[in-house]
Every structure is written in C-alpha cells, then in structure tokens.
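# Structural characterization, general
Given next are the chains, with one letter for each unit.
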Amino acid sequence: MSVTAQLSLLDHHCHGLLRGDPTDDEFRLLATESDQLAPDGLETLDSPLGLAIRKICAPLLDLPRHVSIPLYLDRRAELGSAEVDRRLMHVSGTGRLLVDTGSQMVPLSSPAEMTSAVGIPADEIVRLETVAETLAPLVGAEAFPETLTAALADAAGSAVGWKSIIAYRYGLDLEAEPPGRPEVVAAAGRWMAEAESAGRYRISDPVLLQFLIWAAIPFGKPIQFHVGYGDSDVQLFRADPSRATRFFTATIGSGASFTLLHNYPFVREAAILSQVFPHVYCDVGVVTHYLGPSASTAVRQVLEIAPFNKVLYSSDAHALSEHYLISAQGWRRGMDRLLDEWIADDWLTAAEAERIAGNIASGNAHRLYRLPDRP
Amino acid sequence: MSVTAQLSLLDHHCHGLLRGDPTDDEFRLLATESDQLAPDGLETLDSPLGLAIRKICAPLLDLPRHVSIPLYLDRRAELGSAEVDRRLMHVSGTGRLLVDTGSQMVPLSSPAEMTSAVGIPADEIVRLETVAETLAPLVGAEAFPETLTAALADAAGSAVGWKSIIAYRYGLDLEAEPPGRPEVVAAAGRWMAEAESAGRYRISDPVLLQFLIWAAIPFGKPIQFHVGYGDSDVQLFRADPSRATRFFTATIGSGASFTLLHNYPFVREAAILSQVFPHVYCDVGVVTHYLGPSASTAVRQVLEIAPFNKVLYSSDAHALSEHYLISAQGWRRGMDRLLDEWIADDWLTAAEAERIAGNIASGNAHRLYRLPDRP
Amino acid sequence: MSVTAQLSLLDHHCHGLLRGDPTDDEFRLLATESDQLAPDGLETLDSPLGLAIRKICAPLLDLPRHVSIPLYLDRRAELGSAEVDRRLMHVSGTGRLLVDTGSQMVPLSSPAEMTSAVGIPADEIVRLETVAETLAPLVGAEAFPETLTAALADAAGSAVGWKSIIAYRYGLDLEAEPPGRPEVVAAAGRWMAEAESAGRYRISDPVLLQFLIWAAIPFGKPIQFHVGYGDSDVQLFRADPSRATRFFTATIGSGASFTLLHNYPFVREAAILSQVFPHVYCDVGVVTHYLGPSASTAVRQVLEIAPFNKVLYSSDAHALSEHYLISAQGWRRGMDRLLDEWIADDWLTAAEAERIAGNIASGNAHRLYRLPDRP
C-alpha cells in the first residue's frame with residue numbers, strides 16, 4: 001500500500017531554485033555539503049545522493065536509469081534548468097513552499113519566482129542573520145536593537161516565520177534569558193567596527209545571534225533552527241539541539257514556536273525535545289536527499305519518540321530541483337514502509353496511518369504557520 | 001518462536017502505581033515526559049505510546065483495538081485504576097519489582113502496597129537525593145556528612161540498591177575522587193541557607209550530589225544512574241554516560257556496581273561502558289514503552305556490544321500500569337525478533353538464546369542485587 | 001548474490017598477531033576492550049564477539065559450531081596460535097595489511113613477521129606517540145621539536161602512514177593552528193621532567209600531542225586518528241570526531257589526509273566529515289568484530305552519507321587472528337546484505353555495486369596510501 005502517494009507536501013523549509021544553468025562542477029558542488037570537489041579527480045557524486053539522481057531523476061530527463069553522472073549532466077545542460085525544474089518539481093508532489101530567502105551564496109529564485117516558474121504557491125521565511133547583516137551598515141550600534149526590531153516588524157508583514165543559523169555561527173548553547181540592551185549595543189559596536197574594516201558584515205557574536213532570536217519571539221511566528229549536519233562551518237557537537245534545553249524551558253508560553261531542522265545525527269535528541277516541549281517541532285529535511293537509498297533511516301528515527309502532531313516535512317532543497325524531488329520521494333518511501341509495517345503488525349488502522357501521514361505531510365505545518373487556505 | 005514468552009521479568013527499576021484514579025489530563029501528563037499538554041488542544045497521546053496503549057491495553061479493558069484515547073480514558077475511569085492495574089500487571093508477566101521510592105510528584109504506592117495490590121514481590125531502591133532532602137531541614141551543615149551516612153546505613157538495612165538523579169540536577173560529569181569533607185560542609189551550608197529562605201530543599205550542588213554517590217559506595221550495593229531521556233530538567237548532552245568514564249575507572253574494585261538506566265539516545269555509549277567496566281550494567285527501560293512500535297530499536301542497540309551478562313531489564317514504569325505492560329511487551333517483542341534472527345542465521349542455538357534472554361529478564365539482576373530467592 | 005565474496009581486502013588499520021600462545025584468560029582479555037575479566041566468575045566472552053568466535057572460528061579449528069568458550073580455548077591451545085592464525089587468516093581473504101606498530105602492551109609480530117607467518121604483504125603505519133616516547137629519553141626539551149621531525153623523516157622512508165591516539169590521551173579538540181615552537185619546548189620540558197621522575201615516558205600533554213600531528217602533516221602521508229570506542233582510557237564524548245572540525249578546515253590543501261578509525265558510536269559524524277572534507281576518510285573497523293551478529297549496523301551507517309570513494313576497510317584486529325577473520329566476514333556480510341537490497345530496489349546495477357564494494361575493500365586505500373602494486 002502507499003499511504004503517502006496521494007499526499008501533497010507542504011515543504012516548510014526550502015531554498016530557491018538556481019537562476020540559470022550550472023556548469024557541471026557547479027552542479028556537483030550544489031549536490032554535496034562540501035565546498036570542495038572530490039580529491040584526485042574522483043567523482044564527487046559517487047555518493048548516496050549520486051545514486052538517487054541516477055535512479056530517480058535520470059528517467060525524467062529521458063535517460064536510462066543509472067546513467068553515469070557526466071551523461072546526466074550533459075542531458076541536464078541540454079534541457080536547461082527551467083525545463084528540468086518543471087519536470088522534477090511536478091513529480092515531487094509539492095503543494096506549497098516556505099522559502100528561506102536568507103542564503104544567497106549562489107543566485108536563487110525568490111518565492112514569487114518559484115511560484116511563477118513551477119506553479120507552486122510559496123511563502124517567505126526570513127533569515128534573522130540576513131536582516132541584521134543587511135541593516136548593520138546603515139545604523140550605529142546604539143540604534144541597532146530598535147532598528148532591528150523595526151526591521152523584523154516590517155518583515156513580519158509578509159513572512160510566515162523566521163530562520164536562525166546560530167548553529168553554524170556559534171552553536172546551540174542558548175541562554176535562558178535575553179541579553180540586556182547594553183550588552184547588545186556593546187556587541188554591536190564591536191561587530192560594526194570589525195565589519196567596517198573587514199568590509200564584510202558577517203554576524204557571529206553569540207550575544208547578537210541570541211538577541212536576534214529574542215527579538216523575533218514576540219512576533220509569535222515559528223522560528224526555525226538549523227540543527228546538525230551542514231557545511232564545513234558547522235561543528236556538529238555544538239549543533240546538538242539539547243544544548244538549547246534551558247532556552248526551550250524559558251520560552252514556554254512566549255507564544256513563539258521552534259522548529260528543529262534536519263537534526264542528523266541528532267534526530268533522536270530533536271524528537272525527544274519535540275515530545276518534552278509543547279512549542280518545539282522537528283523534521284528530517286536535507287538528509288531525505290543526502291542519504292539517498294538510506295533516507296528511510298532518518299524518517300524512522302524521528303517517529304520513534306516524537307508525537308505525530310509535532311513532526312513536519314521539509315526538503316531543505318537548495319538550488320537544485322533534484323533535491324526537492326529526491327527528498328519528497330525519500331520521505332514518501334520511508335513513511336510508506338514504516339506505516340505499512342505498523343499496519344501489518346496491527347499498531348494502527350490504515351485510516352489512522354493516513355491521518356498521521358497527512359498531518360506530517362502538511363497538516364501540522366499548516367496549523368503551526370497559520371497558513372491561510374489557498375483560494 | 002517466542003524465546004521470552006515464558007520468562008518472568010525482574011523489573012530492576014520502576015516506580016509505584018498511582019494511588020487513586022487520574023483525571024483524563026492527569027493520565028495524559030503521566031504518559032509523556034512533557035509537563036505540558038499538547039498545544040492548541042491537540043491530543044497529547046497522538047504518539048507512539050498512544051498507539052501502544054490503544055493496541056495493547058485497550059483489549060484488556062474490554063475495548064476494541066485502536067479505540068480512541070478519549071474512549072479509552074472513559075473506560076479506564078469506569079473500571080477504576082485498581083482493576084486496570086490488576087489486569088495489566090498480570091499480563092505483563094512481571095515477577096519481581098525493585099521500586100525507586102524517591103519520586104513523589106504524584107502519590108504513588110509503596111513497594112508493600114504494590115505487592116498487596118497486584119501480588120508481585122517488591123523491594124526498595126532508595127533515592128539518594130530524597131534521603132538528603134528529607135534530612136537536611138533537621139541537621140546543620142557541619143553534621144550533614146555523618147548524618148547522611150548514618151541515614152544511608154539505616155536505609156541499607158532494607159534497600160537493595162540506590163538511585164542517583166545527578167543527571168537531572170547537574171549532569172554526569174563525575175569526578176574521579178570524592179569531595180573532601182570541608183568542601184561538602186561548605187556546600188551543605190550554602191544549600192541549607194538558600195533552602196531555608198526558599199522553603200524548599202532541592203539539592204542541585206554538584207559537590208553535594210557527588211558526595212551522596214561516594215557516601216553510598218561503601219555499602220557495596222548497586223547504584224542506579226538516570227541516563228539520557230527524561231523530563232525537561234534533563235539537558236541530554238550533559239546526561240551522556242561517557243562523561244562519567246573517569247569516575248568508573250576510579251571505582252573499579254570499590255565493591256559498588258553501577259546500573260545505567262534508560263540511556264536513550266546514548267544506548268551505544270552505555271553498552272560500551274558495560275563492556276569496558278566490570279562494575280557497570282545497563283538497560284533500555286522507559287523507552288521500551290515510550291517508543292511504542294519502535295521499542296525493538298533500543299533493545300537491539302544495547303545488544304550490539306554489551307556483554308549479555310551486563311544487560312538488565314527494567315520498565316521505569318511510573319504511576320500507570322500501562323507503562324509496565326507496554327514495556328514488558330516491548331522488551332519481549334524486541335528480544336524475540338532479534339534472537340529469532342540470530343537463531344535463523346545460526347549465530348546461536350535456541351537453548352543459548354533462552355539462556356541469554358533469561359539472564360537479561362531476571363538472572364543478571366538477581367545476581368547483581370543479591371536478591372534472596374523467594375520462599 | 002555475494003558482491004564481496006571474491007574481493008581481497010586491504011586492511012588499512014590493524015595490529016600484529018600475538019607472539020606465542022595466550023593463556024585462556026589472556027585470550028579473554030584480548031577479546032574485550034575491558035582490562036578486567038567479567039565479574040563474579042562470569043564468562044567474559046558471553047558477548048556478541050563470543051558468539052562470533054563460536055560460530056565462525058570454531059569450525060575452522062575442527063570444532064562444532066557454538067562450542068563453549070572453554071572448549072574453544074582448549075582446542076586453540078592444542079593447535080597453537082601459529083596454526084590457528086594460518087587457518088583463520090587464510091579464510092579472511094585479506095590481501096594486504098597496513099600494520100600500526102605502536103601498540104606493544106602484549107608482544108606482537110612485526111609487519112615482516114606477519115608476512116612470513118601468514119603470507120600476506122604488510123606495510124607499516126608508525127604511531128606518532130610511540131616515536132615521541134621512544135625519543136624523549138634521549139634528547140632535551142630544546143632539541144625535541146627538530147629531533148622529532150628528523151625521526152619522522154627517518155620513519156617516513158618506509159612507513160606508508162601515521163597513527164595518532166590523541167583521542168585516548170586528550171580527546172579530539174584539535175586546534176586550527178599548530179602550537180608555536182616555544183610552547184612545544186616548554187611542554188616538552190614539563191613532560192620530560194615528570195617522566196624522568198615517574199620513570200615512564202607517556203605523552204599526554206595536548207600541546208605535544210597536537211605538535212606530533214602537525215609535524216607529520218608535511219610528509220603528505222595519511223594520518224590515522226583513533227575515534228570513539230576503545231579501552232577505559234577513552235572518554236567517548238571527547239573522542240567525537242566533529243570536535244576536530246576547525247582542524248580539518250585548516251588542513252585542507254596541506255597535502256595530508258586523515259582517516260577516522262572505528263568511529264562507533266560516532267559513525268554518522270565521521271561519515272559527514274568524510275563528505276564535507278576532501279581529505280577526510282572513514283571506516284568502521286574494530287566494531288566489525290566486536291558487534292558480532294550486529295556488525296552490519298555499523299557497515300550500513302557509514303554508507304548512509306559518506307561518498308563511496310571516502311570509505312575504507314579495516315579490521316583494527318589486535319593480537320588475535322579471530323579479530324581479522326570475524327571483521328572480514330562482518331564487513332562482507334554487511335556489504336552484501338546492503339548492496340543486495342539496493343540492487344533489489346534498483347538503486348544501482350550489480351556492476352556498480354561491485355565497483356563500490358571493490359573500492360571500499362581495497363581501491364580507495366590503495367590510492368590514498370599510494371601503495372605500489374604488488375610485484
């Protein structure tokens with residue numbers, strides 16, 4: 001049986017599609033969390049994700065299954081990204097996108113452009129660090145706290161949630177109290193002085209990174225945390241979500257909710273926090289594509305202990321429509337196999353399995369982000 | 001084949017059953033490690049444990065499998081806890097209980113009351129922190145070390161072991177040496193002064209928490225450590241049992257043994273420690289019920305590397321007889337499937353599988369706690 | 001199908017075989033990471049590895065499967081280690097050994113002796129700490145840095161790589177910069193003074209341990225790191241390879257490569273680092289034998305996310321030919337089952353599975369260690 005076959009996915013955390021056509025090596029670098037190609041001229045995509053691209057995506061580009069990566073890239077270039085994106089996104093069965101617009105290391109389409117290019121309604125998630133980094137060159141340290149809050153208020157008009165990448169910049173050792181205004185102003189002063197001389201406003205001070213989160217809380221919208229696996233900036237052991245336990249205790253009743261993204265290899269920790277704290281949610285995005293044939297492992301882990309109304313679907317797709325499609329299918333495959341086993345062992349009825357899968361596919365996120373129904 | 005079907009379980013770590021009948025929401029809060037109900041009026045028991053209650057317990061309350069949680073709670077209230085407890089405990093196949101009497105956040109039955117209510121012999125495990133917190137208002141700091149030791153000596157007359165919840169209060173960063181007397185007295189003085197003004201004797205100073213453990217060691221009885229998953233007080237990364245490695249090295253040959261409880265998500269760490277240290281044992285209690293359909297995952301993990309004579313059975317059941325029954329069945333199911341696979345792959349004979357399962361079910365704990373045979 | 005049946009293994013991390021015949025209890029202590037026998041007269045080999053010895057090795061010693069450990073040890077003593085080693089090593093299908101010669105807690109054969117005893121070509125991996133500890137009594141602190149570098153240059157003539165056990169001695173919190181010469185000389189001075197009075201040159205200062213690694217980097221040979229599970233010296237949480245993230249970032253382009261050994265229970269962390277860093281490789285040696293029936297678990301975990309050209313085979317066998325054989329079979333079994341599933345689910349062709357398995361069995365290590373082809 002295929003419990004998830006008919007389900008439209010609400011992808012609550014993803015990035016835009018790449019503008020334009022990547023070169024072969026640009027594609028390879030977008031299909032790994034490394035910022036380097038494989039050593040010694042080896043194939044970067046000799047990997048679980050590479051297998052998934054050759055199995056799942058190749059036939060949709062009119063190629064045989066298991067075609068080599070170079071032939072896949074030739075055909076992809078021939079078709080062009082726009083056509084590839086239309087084909088793959090359509091098959092993914094994604095019905096709605098919440099797009100984190102904060103990452104622009106490569107040029108990515110905006111939510112509106114996504115909708116127009118691939119026909120999927122898209123809302124915006126605003127990255128807190130990007131707001132601060134954009135604003136900093138224009139204000140002094142003294143005005144930073146209030147100006148930042150005003151900028152968030154402005155963004156809150158259209159954004160459905162926030163994203164924090166403090167796990168990359170510092171780790172998840174979040175304090176249980178917001179930093180005081182003088183502390184924030186002093187940290188902002190140090191940051192701005194350094195940034196001016198460096199010519200780059202990259203925020204990494206833990207006081208400022210935590211201030212951004214506390215500044216976003218009063219808006220009552222979900223705040224997404226990057227957790228665990230990511231590029232070489234992440235020190236995994238510091239990106240363990242249980243380091244934020246005291247912060248979660250302190251923010252019960254604040255009106256804000258927190259969604260723990262990815263979580264690999266801390267999926268069990270994230271699932272536990274989602275049980276223990278009423279305002280904490282989790283997903284296993286990004287590894288649903290990077291694990292290729294093994295994606296089911298992560299899908300199963302999160303359902304070991306998390307309440308079913310606290311688990312969300314995301315792809316964390318970035319730039320490549322391959323990410324969207326492979327994550328969607330990885331999640332469907334993992335859910336179907338797990339729920340089929342549970343049904344076979346009589347843990348639940350088929351109707352209950354459909355209810356749970358539907359809530360994870362879209363219902364839980366729809367409620368959490370208070371999304372209006374589509375017209 | 002069902003290797004474990006005939007085995008009577010020695011549950012070496014559990015709590016008492018609830019006195020009286022819970023309201024529906026009291027039941028829900030006893031069936032999660034959260035201290036909050038699910039947000040937005042959602043069902044708290046829309047969870048793996050909820051599935052297990054509906055599958056395993058409902059039929060024993062004369063209900064159809066998969067009945068909804070509200071209907072389950074109605075019927076439970078109708079029957080009353082006493083009847084429900086008798087029915088579920090009987091089916092669990094538990095033959096002996098070691099009851100941690102230290103947790104009294106809700107009123108729980110004593111070991112003697114357990115025996116009289118459900119007919120299962122029960123011994124006591126004394127919680128070190130509870131002894132200290134009970135005694136502190138009655139003595140000064142200067143007399144604290146000796147008075148505490150005398151209180152333990154008194155308790156040791158009937159208790160078969162000790163329990164430490166230092167993982168909740170501080171973490172498992174245990175020193176390799178006991179704190180000195182002056183250090184303990186000073187810490188006790190600070191604690192008592194604060195407790196008197198706060199009106200609550202909750203021990204959390206790491207010097208005192210470690211003193212309690214070192215004070216218990218000379219009695220030569222097993223000392224249970226809470227490890228990993230628990231309520232919102234636990235910061236998981238600090239409840240990693242490998243943080244106590246130097247302490248375990250220092251206490252080889254002390255005559256004391258240590259049992260690592262629960263261990264999720266540090267099951268592999270606990271199993272490794274149980275191999276490396278002759279006086280360290282482990283179990284996967286509590287998640288045998290909270291993981292519901294996935295309980296086998298934890299049962300398998302602990303048997304990846306732990307010696308078979310160092311693994312114990314516990315439920316960590318607390319207040320609800322559902323915990324007892326679902327944990328017992330989760331452990332049996334996990335063991336049966338694993339051992340059936342091992343037998344099918346000819347890793348061992350059926351007789352050897354029965355020997356191993358029997359030791360984990362009760363033999364190892366019987367020897368470790370030096371329990372007298374029942375009359 | 002058996003993808004790996006015909007593959008000859010290049011074991012890139014192992015130790016020598018025991019010289020002479022062990023007593024029964026010496027054998028037991030070599031078959032656990034504990035340095036103590038089981039308590040209370042229990043059987044130390046009542047363990048997953050014990051099951052594997054009784055299933056896999058007993059028949060090769062002309063015994064029935066599942067024979068008891070005492071009978072196995074009797075027969076082993078009767079045959080003698082030399083004959084047992086020839087039998088078991090032959091069946092393991094190991095074609096080449098890279099032998100870490102740094103551990104001599106028991107007398108082990110040298111690479112040349114291994115070749116002559118069991119007919120397998122063997123190269124040497126030089127342990128950095130052993131070089132330093134051997135050299136220290138002969139030089140003063142002031143000359144230590146240059147003398148150490150000269151000793152490494154000398155060793156580099158024949159060694160194909162280096163081994164660091166900083167995970168045991170300190171942990172994997174590696175700095176992103178080498179320590180300065182004055183800092184090294186000062187630390188060497190403190191070490192030598194203490195060592196002279198203690199009569200034992202055991203290096204444990206983090207400055208010195210890190211200096212050794214940085215001193216080895218310019219030789220451009222792979223540097224092996226012990227990671228995770230080991231004996232009671234290891235504090236697991238400090239042996240998490242993600243603690244070395246900043247070090248890996250700093251050494252991209254240095255010409256050196258790093259191989260993360262064992263990695264249990266941090267297999268996912270190691271696999272992630274192998275994806276993110278072009279000069280980081282990983283394996284799951286040691287647990288391929290200690291996990292016995294469950295070895296496949298570790299083999300599967302590493303292939304969840306690591307690129308297939310970054311995964312190596314090792315046994316970490318030490319002293320006992322049982323380790324070699326059981327690890328080899330554990331790896332083959334795990335790979336065969338995983339790849340058979342992937343082929344059945346059409347993730348890849350049988351030919352591609354053979355290519356991947358062949359690279360992990362030997363191709364990746366052959367290239368990484370720049371081994372000459374055998375004559």
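Structure shown above.
Summarised in this report is the structure supplied together with it. Given the structure is predicted, the values throughout are model-derived calculations rather than measurements.

This part covers helix H14 (residues 295-305) of chain A. By the criterion of burial, H14(A) is predominantly enclosed, with nine of the 11 residues buried. Of the residues making up H14(A), those classed as buried are A:Ala295, A:Ser296, A:Ala298, A:Val299, A:Gln301, A:Val302, A:Leu303, A:Glu304 and A:Ile305.

A few words now on the interface of chain A and chain C. Put simply, an interface is often sized by how much accessible area is lost when its parts join up. Contact residues are listed per partner, giving 43 residues for chain A and 33 residues for chain C. Buried surface at the junction of chain A and chain C, both sides included, amounts to about 3300 Å², of which 56% is carbon and sulfur. Together, A:Asp46, A:Leu51 and A:Phe237 form the three largest contributors to the area buried by chain A at its contact with chain C, with a combined 18%. Our count for the chain A to chain C interface comes out at four salt bridges. Its salt-bridge partner being C:Arg355, residue A:Asp46 comes within 2.8 Å of it at the nearest N-O pair. Residue assignment for the side of chain A that touches chain C shows that the elements contributing at least two residues are helix H2 (48-57), helix H13 (287-290), H14 and helix H15 (321-344) of chain A.

Residues and elements named next belong to chain C. Strand order in this open sheet of seven strands is E1-E2-E3-E4-E5-E6-E7, and the pairing throughout is parallel. Every interior strand has two partners, whereas the edge strands, strand E1 (9-14) and strand E7 (280-282), have only one. Along the sheet, successive strands turn relative to each other by an average axial angle of 25 degrees, direction set aside. Sheet topology note: the strand E5 (residues 223-227)/strand E6 (residues 258-262) ladder contains five bridges and is parallel.

Let us now look at the interface of chain B and chain A. The interface of chain B with chain A comprises 43 residues on the first partner and 34 residues on the second. Sorting the residues of chain B by area buried against chain A places B:Asp46, B:Leu51 and B:Phe237 first, and these three jointly supply 18% of that buried surface. A:Glu352 is the partner of B:Arg54 in a salt bridge, and the nearest nitrogen-oxygen pair spans 2.7 Å. The tally of links from chain B across to chain A stands at 14 residue pairs in polar contact (both at pLDDT 80 or more). When residues of the side of chain B that touches chain A are traced back to their parent elements, those giving at least two are helix H2 (48-57), helix H13 (287-290), helix H14 (295-305) and helix H15 (321-344) of chain B.

When chain A is fitted to chain C, the residual RMSD is 0.0 Å, and the transformation amounts to a turn of 120 degrees plus an axial shift of 0.0 Å. The transformation just described matches what one would write down for a three-fold rotation axis. Relative to the rotation axis, the C-alpha of A:Phe237 is the closest in chain A, positioned 5.3 Å from it.

As a further point, take the side chain of B:Arg75. By secondary structure assignment, the location of B:Arg75 is in helix H3 (residues 69-79). Setting aside chain neighbours within four positions, we find B:Arg75 in contact with B:Leu61, B:Asp62, B:Leu63 and B:Arg87.

Analysis parameters
- Residues numbered from 1 in each chain as written.
- Chains lettered and ligands numbered in written order.
- Predicted model: local features only at pLDDT ≥ 70, side-chain atom pairs only at ≥ 80, totals over all residues.
- Heavy atoms only, no water.
- Buried < 20%, exposed > 50% of the residue type's maximum accessible area, 1.4 Å probe, protein only.
- Helix = DSSP H or I, 4+ residues; strand = E, 2+ residues; numbered from the N terminus.
- Contact = heavy atoms within 4.5 Å.
- Buried area = accessible area lost by both parts, 1.4 Å probe.
- Salt bridge = Lys/Arg side-chain N within 4 Å of Asp/Glu carboxyl O.
- Pairing = 2+ DSSP bridges.
- Axes fitted to C-alpha atoms, helices over the stretch in contact; angles between N-to-C directions.
- Polar contact = N/O pair within 3.5 Å; in protein donor to acceptor, adjacent residues only side chain to side chain.
- Least-squares fit on C-alpha atoms with pLDDT ≥ 70 in both.

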